[in-house]
Amino acid sequence: TSRGLGDVYKRQSLWSLGTFEEVSFSEIIKSKTIPSKLVFDIRRNADGTIKKLKARLVARGDLQPWETYNDTFADTIDSKSINIIFAIAAQENMHLASIDIKTAFLYSPMQEEVYIRRPKGVTDDLMPEYVKLNKCLYGLKQAAHEWKSHLHNSLLDLSLIHISEPTRRRGI
């Protein structure tokens, strides 16, 4: 129902995080407009009963024009590096913790000018037909790159030091 979709937008904090802003039709650059859709999921308890209904607004990155993104690369940590961290922690009797940053991409500022069309079935009172993205959405080709860059800069702002990976020499 329309009411349920409104709750989705509020829960995802899309408006409160400033993920997008309403724009007039005259501001739209058609070549930079990407369709969007709602992806639904049902979370169940062990006994099969419904625990939670989830929905996520995503950009249709598969239809994203090439001129709407520059970089898509986002490096990940090598499994050997993880093993070294675990070994050092075990040897030094350290405790490790991990975190899950919910809606991580929604914190990443957009570097390019991109517009999305609201999903089919969503009415004007819930979301304008076109919005300009200020933050990344899941599905955008550049979302992982922008998140990695935003996280990197945030950690530097906390006075953490970036240690670059040593370059490998041939034959070693």
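All figures in this text were calculated on a predicted structure; none of them were measured in a lab.

A. Looking closely at the nonpolar core. In this structure, Phe20, Leu57, Ile116, Met127, Leu133, Leu137 and Leu140 are the most contacted members of the largest nonpolar core, which totals 22 residues. Contributions of two or more residues to this core are made by strand 2 (33–44), strand 3 (50–59), strand 5 (130–133) and helix 3 (143–157).

B. Here's a closer look at the packing of aromatic side chains. With the rule as written, the count across this model stands at 1 aromatic pair. Geometry around tyrosine 138 places arginine 56 over its ring, the cationic atom sitting 4.3 Å from the centre.

C. Structural detail: the sheet that holds strand 2. In space, the 5 strands of this open sheet follow the order 1-5-4-2-3, with mixed pairing throughout. With one partner strand each, in any of the chains shown, strand 1 (20–22) and strand 3 form the two edges of the open sheet. Adjacent strand axes in the sheet meet at a mean angle of 35° when their direction is disregarded.

D. How the structure looks around helix 3. Between the first and last C-alpha of helix 3 there are 21 Å, a value that for 15 residues agrees with the 21 Å anticipated at 1.5 Å per step. Considered for burial, the residues of helix 3 that qualify are Ala143, Glu146 and Trp147. The buried residues of helix 3 occupy an angular sector of 100° when the element is viewed end-on, so they sit on one face.

E. Structural detail: the pattern of salt bridges. A full pass over the atoms with the stated rule returns 2 salt bridges. Aspartate 41 is the salt-bridge partner of arginine 43, the closest N and O atoms lying 2.8 Å from each other. Arginine 43 sits in the partly exposed class, given a relative accessible area of 41%. The exposure class of aspartate 41 is partly exposed, given its relative accessible area of 34%.

F. Just helix 2 (residues 79–91), in detail. Compared with the 18 Å implied by 1.5 Å per residue over 13 residues, the 18 Å span of helix 2 between its first and last C-alpha is a close match. Following helix 2 by one or two positions, asparagine 93 adopts a phi angle in the positive range, close to 55°.

G. Representation of the confidence of the model for the protein chain within the structure. Summary statistics for the protein chain give a mean pLDDT of 82 and a share of 87% for residues scoring 70 or more. Within the protein chain, the element-level pLDDT minimum falls on helix 1 (residues 2–11), averaging 51, and the maximum on helix 2, averaging 92.

H. Molecular detail of unusual backbone geometry. The residue asparagine 93 is not glycine, and still its phi comes out positive at about 55°. You can see asparagine 93 is positioned in the loop between helix 2 and strand 4 (115–117).

Rules behind the numbers
Residues numbered from 1 in each chain as written. Predicted model: local features only at pLDDT ≥ 70, side-chain atom pairs only at ≥ 80, totals over all residues. Heavy atoms only, no water. Core = buried A, V, L, I, M, F, W, Y, C linked by side-chain atoms within 4.5 Å. Buried < 20%, exposed > 50% of the residue type's maximum accessible area, 1.4 Å probe, protein only. Helix = DSSP H or I, 4+ residues; strand = E, 2+ residues; numbered from the N terminus. Phe/Tyr/Trp six-rings, centres within 6.5 Å; stacked < 30°, edge-to-face > 60°. Lys NZ or Arg CZ within 6 Å of the ring centre and 35° of its normal. Pairing = 2+ DSSP bridges. Axes fitted to C-alpha atoms, helices over the stretch in contact; angles between N-to-C directions. Expected span 1.5 Å × (residues − 1). Arc of directions from axis to C-beta. Salt bridge = Lys/Arg side-chain N within 4 Å of Asp/Glu carboxyl O. pLDDT = per-residue confidence, 0-100.

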